[in-house]
Amino acid sequence: MKLLIFTEHKDTLDYLAGDGKDGRPLGKLREWGLKTTQIHGGMKIGDRDTPGTRIFSEREFREEAQILVATEAAGEGINLQFCWLMINYDIPWNPVRLEQRMGRIHRYGQEHNCLIFNFVALNTREGRVLQKLYERLSEIRKELGTDHVFDVVGEVFPSNLLEKLFREMYAKRTDLPNIEARIVRDVDADRFRKITNSTLEGLAKRELNLGAIVGKSAEARERRLIPEVIEDFFTAAAPIAGINPRPVAKDSHVYRVGKIPRTLQPIGERLESRFGKLGREYQKVVFDKQLLPQDATLEWVTPGHPLFETVREDVSERVTDDLRRGAVFYDMHTALPYRLDAFAASIKDGRANCLHRRLFVVDAQADGSLTIKQPTIVLDVSPAPKGTPVPDDSNLPDRASVERALIENALKPFLD
């Protein structure tokens, strides 16, 4: 039997699965003689034959290890449906992320009923709030008679809302009874019924597995999205949108944002139903949640946060022409030029609402070969200096051939 254990923090992972190297203590699971492996954000993607990489750890878990201990970073192309027992050792404050974790094993190809334990410290204020939330969700699940309550919980509790409530509690702007009362008020059976009906009844194909799509969306979001990548993106993109995050100190990774331009408010209002209300002003923000204990006034900005999503939406609109023109990159692993064509494909319901959108990249080589690549391939090449001429691509496969390869090798499997 295989056991998957999720932790929020690298320190917790080391406590459970530390290998005892460099003078560090041996993890508890290894002390007990259990064959254990791990995946965390500090590991490279790697391959099946390179120890210390994520893909190697996935193979080790599949073929040898009894237990895999993983942080949220364990998302790059791993498939764990051969495991059906899971423990959430640390609970994320966002219930949507808890559901995303479950999607790692509760997915296509799973042959067992999944058994999942959530560890909650009930003698803490956070623990009591989480217990209240999950009790409320369980009550509504029984009343509605469907597990789809968990698929749409993000529509009722936008990303980071619980965390924001906790931070207000630490700053003494609210208290535990008020948070619990809000959970009871917001997590309402009628509201869930309306959302689940509008989300599920309108599906073009009723047999579509929305839970699996939600899980795939989670994987896509988590691929290579370590805090450093998010921070680099935001600090480069925000000035284009009229925001200038300034570091409070060298190498602090804490930024002052200040007032949000009025031009972004209409975008924030348009996205409010999905991500929550965009603030008029943000003082100090961070992109790595491990920095939050340093200062109760810090705000964690990450995909799903209204500030992040507003900036992303605005910048996407501004750079559309640049994306259509393309760019030149250097690849140190090849001597011949090749072309990467990027495509987006969507699954929509009967009301034309996009349920899932995914990027595909087709690699066209000079020898005529066409290969489907992960969009993260752009992280493995380097932007060429401004003014670098575009190589001659007249001998590369034409666009019609590229699109045929995309349909046959990517879109048809995606549809299935």
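Above this text is the structure in question.
Residues numbered from 1 in each chain as written. Predicted model: local features only at pLDDT ≥ 70, side-chain atom pairs only at ≥ 80, totals over all residues. Heavy atoms only, no water.

**Let's talk about helix 1 (residues 10–17)**
Argument step 1. Along helix 1, the residues that are buried comprise Thr12, Leu13, Leu16 and Ala17. For helix 1, the arc enclosing every buried residue in end-on projection is 105°, short of the 170-degree limit, so these residues lie on one face.
Argument step 2. Buried residues along helix 1 sit against strand 1 (3–6), helix 2 (28–31), strand 2 (36–39) and strand 3 (67–70). (Buried < 20%, exposed > 50% of the residue type's maximum accessible area, 1.4 Å probe, protein only. Helix = DSSP H or I, 4+ residues; strand = E, 2+ residues; numbered from the N terminus. Arc of directions from axis to C-beta. Contact = heavy atoms within 4.5 Å.)

**Quick notes on the sheet that holds strand 12 (residues 354–364)**
Argument step 1. Taken together, three strands build an open sheet; the order of strands is 11-12-13 and the sheet is antiparallel. Unpaired on one side and paired on the other, strand 11 (339–348) and strand 13 (370–373) mark the two borders of the sheet. Across the sheet, the mean angle separating the axes of adjacent strands is 30° when strand polarity is ignored.
Argument step 2. Running over the sheet, helix 15 (residues 399–415) touches strand 11, strand 12 and strand 13 and is turned about 40° from strand 11. (Pairing = 2+ DSSP bridges. Axes fitted to C-alpha atoms, helices over the stretch in contact; angles between N-to-C directions.)

**Things to note about the environment of Arg280**
Argument step 1. For Arg280, the position within the fold is in the loop between helix 12 (265–275) and strand 8 (281–286).
Argument step 2. Along the sequence, Arg280 and Leu307 sit 27 residues apart, while their C-alpha atoms lie 10.0 Å from each other.
Argument step 3. In this structure Arg280 touches Gly258, Lys259, Ile260 and Gln265, once residues within four positions along its chain are discounted.

**Some thoughts on the pattern of salt bridges**
Argument step 1. Considering all chains together, one arrives at 17 salt bridges under this definition.
Argument step 2. For the salt bridge of Arg59 with Asp49, the shortest nitrogen-to-oxygen distance reads 2.9 Å. With a gap of 10 residues between them, Arg59 in helix 3 (residues 54–63) and Asp49 in the loop between strand 2 and helix 3 connect regions that are remote in the sequence.
Argument step 3. The salt bridge involving Arg325 is made with Asp322; its shortest N-O contact spans 2.7 Å. Here Arg325 pairs with Asp322, and both are found in helix 14 (residues 320–325), just three residues apart, close to one helical turn. (Salt bridge = Lys/Arg side-chain N within 4 Å of Asp/Glu carboxyl O.)

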